[in-house]
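Observations on the three-dimensional arrangement
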Amino acid sequence: MLDINIIRKHPKQVIQACTDKQLDPSVVRQLLEVDQHKRDLQQEIDTLRQLANENANAIKARVPQKIKPSEELIRQGKKLKEKLKLLEPNYKKIEDKWLELALQIPNIPAQEVPVAPDESGNRVIKQVGQPRQFEFEAKSHQEVMLNLGWLDTKRAARIGGFRSYFLQKEAVLLEQALLRYALDLMIQHGFTPLTVPVMVNGSAMIGTGYFPWGQDDHYYTQDQQILTGTAEVALTSYHMGETLTEAQLPIKLVGISPCFRREIGAHGKDTQGIIRVHQFTKVEQVVLSVADETVTQAWHEKMLGYAEELLQNLGLPYQVLLMCTGDMGAGQRKKYDIETWFPAQNCYRETHSASYFNDFQSRRLQIRYQAKDGSLRYVHTLNNTVAASPRLLAAIIENYQQKDGTVEIPAVLKRWM
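A brief look at the structure comes next.

Cut-offs applied
Residues numbered from 1 in each chain as written. Predicted model: local features only at pLDDT ≥ 70, side-chain atom pairs only at ≥ 80, totals over all residues. Heavy atoms only, no water. Helix = DSSP H or I, 4+ residues; strand = E, 2+ residues; numbered from the N terminus. Buried < 20%, exposed > 50% of the residue type's maximum accessible area, 1.4 Å probe, protein only. Contact = heavy atoms within 4.5 Å. Pairing = 2+ DSSP bridges. Axes fitted to C-alpha atoms, helices over the stretch in contact; angles between N-to-C directions. Polar contact = N/O pair within 3.5 Å; in protein donor to acceptor, adjacent residues only side chain to side chain. Core = buried A, V, L, I, M, F, W, Y, C linked by side-chain atoms within 4.5 Å. Salt bridge = Lys/Arg side-chain N within 4 Å of Asp/Glu carboxyl O. Phe/Tyr/Trp six-rings, centres within 6.5 Å; stacked < 30°, edge-to-face > 60°. Lys NZ or Arg CZ within 6 Å of the ring centre and 35° of its normal.

Each helix and strand counted, the protein has 12 helices and 16 strands in total. Seen through its C-alpha atoms, the protein measures out along the principal axes to roughly 105 × 50 × 40 Å. Counting across all 417 residues of the protein, residues that qualify as buried make up 49%. In the protein, once contacts between residues fewer than 6 apart in sequence are set aside, the share between residues at least 24 apart is 74%.

Here it is, written out as structure tokens:
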């Protein structure tokens, strides 16, 4: 969440952030009204508590002297307690309303982020690699996989419903090779590997900023736990409620996990193949850094570079997009997407997202650190995809298909095949 002092001092900037991110700007006004009411009530309660303490001390002072407290002191003490008894529950309600509204305030986009209502405003900042020129008509990944007996969606749909799939035979091994390569690459860059809980509590979803905005995009258990769409949730929440030291930062984590997304609003899109599915596996990188945006931006570029390194080593052409305000998450301050080339579709498709948040997530999660000067600060958080399959697997299959219908294995993956 945003620091309330920023909202108080720069309401117009926060309102503009809501507008630019296609969110309701009236929430800012509502929050400021409740915030003022909360502060006034807090001041009234503090004054009453001070008077009650002074009254109680005056009564206690008479006990050693065996002087009976006056009726006025006793009456005043009761009156103060009754007032507090009425105000304190009301304060709790106002505090709850304050938090409800504060959690709906988005992060302010970085200055260089393009302002636009939707994906049409995303800006391509670079393209890397030349798309392969095929000597034959390139087939879609699903056609190649079906011909090789690598994919079964018909049986999967009977068992798991729409957008379910079976990977089979060498496709399973190729996917595992891709994921293992991605994990090993990040370990080489000094990241600590973790497997993570994929069923999490609401506090982790609120803390990472997926809630309240994305509540309809997730699956729930009967115990009201949430199936996560990324290991980012658990990795970023790993130090929830803790106070670290500056010497511990940066903390670099890489997680591998199954992921689940309902794909709300995606009906009719990508119904063929394994581009848009409800269950997939992802290797995700997360960094907790010091509260310095210059350092955070440097990490953002570095984490983007790790994903680019993976794609370059796989020999896959790609482009990097700077995402506009209307096509980024509420909590993100700046976001890059990487789109990988799919020859059969003759277009680039999103395979990676890299974001930084400053202290937006850490304030929600209460992750702080003691700086060298002794002050307590909230860490800055960042995340980026390393590899998500089966989408990236589909890109490999389309780009590496051969005329005879087979698929060449990228050199960096042969170690695991």
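Now that the structure has been shown, we can carry on.
The next point concerns the sheet that holds strand β8 (residues 243-245). Taken together, the 3 strands give an open sheet; going across it, the order is β8-β14-β15, and neighbouring strands pair in mixed fashion. Whereas interior strands pair on both sides, the edge strands pair on one side only; in this sheet they are β8 and β15 (376-378). On average, each strand axis in the sheet is tilted by 40° relative to the strand beside it, whichever way the strands run.

Looking now at the sheet that holds strand β9 (residues 251-260). Strand pairing in a sheet takes place through backbone hydrogen bonds and is either antiparallel or parallel in direction. One open sheet accounts for 8 strands, arranged β1-β11-β12-β13-β16-β10-β9-β4; its pairing is mixed. The sheet is open, and its two borders are formed by β1 (123-128) and β4 (192-195), each paired with just one other strand. Going from strand to strand, the sheet's axes swing by 25° on average, the running direction of each strand aside. By the bridge criterion, 4 bridges tie strand β13 (residues 347-358) to strand β16 (residues 380-389) in an arrangement that is antiparallel. Bridged to Ser-355 within β16 is Asn-383. Packing of helix α7 (residues 170-188) onto the sheet brings it into contact with β4, β9, β10 (279-289) and β16, and relative to β16 it is tilted by some 150°. Relative to strand β12 (residues 334-342), helix α12 (residues 391-399) is tilted by about 35°, and along the sheet it contacts β12, β13 and β16.

Tracing the chain through its elements places Gln-402 in the segment after α12. Residue classification places Gln-402 among the partly exposed positions, given a relative accessible area of 26%. Placed 232 residues apart in sequence, Gln-402 and Glu-170 show a C-alpha to C-alpha distance of 15 Å. Apart from the residues lying within four places of it in its own chain, the contact partners of Gln-402 are Arg-132, Phe-136 and Glu-408. Among the polar contacts made by the side chain of Gln-402, one reaches the main-chain carbonyl oxygen of Tyr-400 at a distance of 3.0 Å.

The next point concerns the side chain of Asp-184. With respect to the helices and strands, the residue Asp-184 is situated in helix α7. For Asp-184, a relative accessible area of 11% corresponds to the buried category. Ignoring any residue separated from it by four or fewer positions in sequence, one finds Asp-184 in contact with Arg-415 and Trp-416.

Now for the nonpolar core. One finds Leu-310, Leu-392 and Leu-413 to be the most contacted residues of the largest nonpolar core, which totals 57 residues. For this core, the element with the highest residue contribution is α7, accounting for 10 residues. Sequence-distant contacts of Leu-310, defined by excluding residues within four places in its chain, comprise Tyr-181, Ala-182, Leu-185, His-352, Val-386, Ala-387 and Leu-392. Ile-7, Leu-48, Leu-80 and Ile-94 belong to the second-largest nonpolar core, a separate cluster that totals 26 residues.

Turning to the pattern of salt bridges, a few remarks are in order. In total, this model carries 16 salt bridges according to the counting rule given. With a closest N to O distance of 4.0 Å, Lys-335 and Asp-337 form a salt bridge. A residue is classified by how much of its surface remains accessible, and Lys-335, at 13% relative accessible area, is buried. For Asp-337, a relative accessible area of 5% translates into the label buried. Because the salt bridges share partners, they merge into one network encompassing Asp-3, Asp-359 and Arg-363.

Most of α12 is tucked away, with 9 of its 9 residues classed as buried. The complete set of buried residues in α12 reads Arg-391, Leu-392, Leu-393, Ala-394, Ala-395, Ile-396, Ile-397, Glu-398 and Asn-399.

Moving on, we come to the packing of aromatic side chains. Between two aromatic rings, the relevant description is the distance of the centres plus the angle of the planes. Taken as a whole and judged by the stated rule, the model has 5 aromatic pairs. Measuring from ring centre to ring centre gives 5.7 Å for Phe-191 and Tyr-306, while their planes differ by 90°; the resulting arrangement is edge-to-face. Taken together, the positions of Phe-191 in the loop between α7 and β4 and Tyr-306 in helix α10 (residues 293-314) put the pair 115 residues apart, joining distant regions of the chain. In this pair, the class of Phe-191 matches that of Tyr-306, namely buried. One residue, Lys-38, lies across the ring of Trp-98, its end atom 4.8 Å from the ring centre.

A word on the pairing of strand β11 (residues 318-322). By the criterion of burial, β11 is predominantly enclosed, with 5 of the 5 residues buried. In β11, alternate side chains face the same way, and those of Tyr-318, Val-320 and Leu-322 on one face and Gln-319 and Leu-321 on the other are all buried. The pairing of β11 with β12 spans 5 bridges and is classified as antiparallel. When the sheet's bridge partners are listed, Leu-321 is paired in β12 with Asp-337.

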